[in-house]
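# Summary of structural features
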Amino acid sequence: MTTLTEPRSLLLTGSPRERGRVHGEALRPEITGGMRRWKDALQQAAGLPVEEYLDRFVSRTDFLPAIERWTPHLLDEVRGIGEGAGISFRDVYAYQLMDEEWLFRLDLKQGSEPLEHCSMVGFFGDGAPPILGQNMDLPKYYDGTQTLFRVRDHDRDRESLIFTAAGLIGTTGLNSRGIGICCNTLTRLAHAYHGLPAAFIVRRVLESSTLAEASAFVREIPHASGQNYAIGGPDRIVDFECSAHKAVPFSCGPTHVYHTNHPLVNDDQPAPAGNAGAGKEPAGERSPMSNSEQRLAYLERMIGGQEAPRTVAGVKTILGARAVPINVGRDSAGDGMTLGSLIMELTTPPVLHYAPGPPAETAYTRWTL
């Protein structure tokens, strides 16, 4: 597995199918290597032969109707990735469903542990251009496949910078209209096997011309997985905690927003499984703070109740902290790491500061649209 020292980028133009084929052909070694490690991890985690597990996952979920209704062109792009990389549609399709597969696996194993990763911060108001930042924490098997796509959509007359792992259509990014999006998994919220998966939502939001259009889309669609979406535009940032049955606006204050991986306003919880009393704390005892709660408390200390650090340098300091699990290094004990860190200046034109790894050990580079 290769550790990136310089950011990898790739220009994607043409029709969705053509963009996918270029993606697949140009990054075939990274895609096949990442998918091999992904399959090894799936087999170990699911306790089944990986081909059997993937057949079960694809056959027992029903995301394709929502994808075909809301983002058919992105499904065409996924098919192109598979064609370019020489990978079956089943595999390249399942690879896109990162959060949805995690939730399916928890259901299959009747697990209850939350999957906690990703921290988001945003600053806006008082006449200053919004700044939106995120540490994207993902499994280590993606390391070495980090890619920044520059997608030129001539039909919609816009361009996007999209951060992802090779083989995936996208995890976060911003477009030339000054629309940016960050997303944090909220596995404690209700999910559904027939909604629109997160990767397709992110890419569709980045096709929006305005913040109003992007917000309306996120509130209208059925969601496959619990997610917090922070969406910024040239004037402000909005935030929605989304679950299978509703999208609830969230706000920290008039000039800032921050979020980690547990719901704060959305009460759409999944139906309890097994013993209804499981998970309750004994009287007089308090459970230790979860990883997500620790990171949120850190963000509250750094941002809440004080003058927000409204500069790119200030956001870099917050996201690069080593003393809390907000910056997860490659040598961390767990299976995850900060795969990439992004800070978006939603100016005209917009600017992206991007580090392809944990920000405490990876340099940012500056990109413009």
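Residues numbered from 1 in each chain as written. Predicted model: local features only at pLDDT ≥ 70, side-chain atom pairs only at ≥ 80, totals over all residues. Heavy atoms only, no water.

From N to C terminus, the protein chain includes 11 helices and 14 strands. Since a compact globule built from 369 residues should have a radius of gyration of about 21 Å, the 19 Å found for the protein chain is in line with a globular shape. For the protein chain, buried positions account for 59% of its 369 residues. Long-range contacts, defined as pairs at least 24 residues apart, comprise 68% of the intrachain contacts of the protein chain with a sequence gap of at least 6. For the protein chain, the accessible area works out to roughly 14,700 Å², and carbon and sulfur atoms hold 49% of it. Distance between charge centroids for the protein chain: 2 Å, based on 36 positive and 44 negative side chains. (Helix = DSSP H or I, 4+ residues; strand = E, 2+ residues; numbered from the N terminus. Rg over C-alpha atoms; globule rule 2.2 N^0.38 Å. Buried < 20%, exposed > 50% of the residue type's maximum accessible area, 1.4 Å probe, protein only. Contact = heavy atoms within 4.5 Å. Areas by Shrake-Rupley, 256 points an atom, 1.4 Å probe, with all protein chains shown as cover. Lys, Arg positive; Asp, Glu negative; His and termini not counted. Charge placed at Lys NZ, Arg CZ, Asp CG, Glu CD.)

Attention shifts here to the sheet that holds strand S4 (residues 146-153). The strands making up a sheet associate through hydrogen bonds between their backbones, and the pairing can be parallel or antiparallel. Ordered in space as S1-S4-S5-S6-S7-S8-S9-S10, the eight strands form an open sheet in which the pairing is mixed. Pairing within the sheet leaves two strands with one partner each, and these edge strands are strand S1 (9-12) and strand S10 (247-249). Adjacent strand axes in the sheet meet at a mean angle of 20° when their direction is disregarded. (Pairing = 2+ DSSP bridges. Axes fitted to C-alpha atoms, helices over the stretch in contact; angles between N-to-C directions.)

Looking now at the side chain of Arg90. Relative to the helices and strands, Arg90 is located in helix H6 (residues 89-96). The exposure class assigned to Arg90 is buried, which follows from its relative accessible area of 19%. Only 2.3 Å separates the side chain of Arg90 from the side chain of Glu51, close enough to count as a polar contact. For Arg90, the side chain forms a polar contact with the side chain of Asp91, separated by 2.7 Å. Residues contacting Arg90, with those up to four places away along its chain left out, are Lys39, Glu51, Leu54, Asp55 and Val58. (Polar contact = N/O pair within 3.5 Å; in protein donor to acceptor, adjacent residues only side chain to side chain.)

Along the polypeptide, Tyr142 turns up in the loop between strand S3 (128-139) and S4. Overall, Tyr142 belongs to the buried group, its relative accessible area being 1%. Between the C-alpha atoms of Tyr142 and Met337, which are 195 residues apart in sequence, the distance is 9.4 Å. What Tyr142 contacts, discounting residues up to four positions off in sequence, is Tyr95, Met98, Ala165, Leu168 and Leu339.

Turning to the packing of helix H5 (residues 72-85) against H6, a few remarks are in order. Running from N to C, H5 and H6 point in directions that differ by 125°, and their axes come no closer than 9 Å. Considering the angle they form, H5 stands oblique to H6. H5 and H6 meet at a crossing whose hand is right-handed. Note on element contacts: H6 touches H5 through Phe89, Val92, Tyr93 and Gln96, opposite Leu75, Val78, Arg79, Ile81 and Gly82. Looking at the contact of H5 with H6 residue by residue, the classes come out as six nonpolar, two polar and one charged. (Parallel < 35°, antiparallel > 145°, perpendicular 65-115°, else oblique. Left-handed = near helix turned anticlockwise from the far one by under 90°. Nonpolar A, V, L, I, M, F, W, Y, C, P; charged D, E, K, R; others polar.)

This model, assessed by the stated rule, comprises zero disulfides. In this model Cys118 remains outside any disulfide bridge; the closest cysteine sulfur is found in Cys183, 6.7 Å from its own. Relative accessible area serves as the criterion here: at 9%, Cys183 is assigned to the buried category. (Disulfide = S-S within 2.5 Å.)

Turning to the packing of aromatic side chains, a few remarks are in order. Considering all chains together, one arrives at nine aromatic pairs under this definition. For the ring pair Tyr53 and Phe104, a centre distance of 6.0 Å and an interplane angle of 55° mean the geometry is tilted. Here the residue Tyr53 occupies a position in helix H3 (residues 50-60), and Phe104 occupies one in helix H7 (residues 98-108), the gap between them amounting to 51 residues. A relative accessible area of 0% places Tyr53 in the buried class. Members of the aromatic cluster, joined through ring pairs, are Trp38, Tyr95, Tyr141 and Tyr142. (Phe/Tyr/Trp six-rings, centres within 6.5 Å; stacked < 30°, edge-to-face > 60°.)

What follows deals with the side chain of His256. Topologically, His256 is positioned in strand S11 (residues 256-259). Since its relative accessible area comes to 9%, His256 is described here as buried. A polar side-chain atom of His256 sits 3.4 Å from a polar atom in the side chain of Thr255. Beyond its immediate sequence surroundings of up to four residues, His256 is in contact with Gly122, Phe123, Phe124, Ile303 and Gly304.

Enumeration according to the criterion identifies 19 salt bridges in this entry. Note that Arg21 is salt-bridged to Glu83, the shortest N-O span being 2.7 Å. One end of the pair, Arg21, is in helix H1 (residues 16-26); the other, Glu83, is in helix H5, and 62 residues separate them in sequence. With relative accessibility at 37%, the residue Glu83 sits in the partly exposed group. Linking Glu361 and Arg330 is a salt bridge whose minimum nitrogen-to-oxygen distance equals 3.5 Å. Of the two residues, Glu361 sits in the loop between strand S13 (351-355) and strand S14 (365-368) while Arg330 sits in the loop between helix H11 (312-319) and strand S12 (336-345), which places them 31 residues apart along the sequence. (Salt bridge = Lys/Arg side-chain N within 4 Å of Asp/Glu carboxyl O.)

This part is about the sheet that holds S11. Across the sheet, six strands lie side by side as S11-S2-S3-S12-S13-S14; this open sheet has antiparallel pairing. Each having just a single partner strand, S11 and S14 make up the two edges of the open sheet. This sheet shows a mean twist of 15° between the axes of neighbouring strands, independent of strand direction. As paired strands, S13 and S14 are joined by four bridges and run antiparallel to one another. When the bridges of S14 are listed, His353 appears paired with Arg366.

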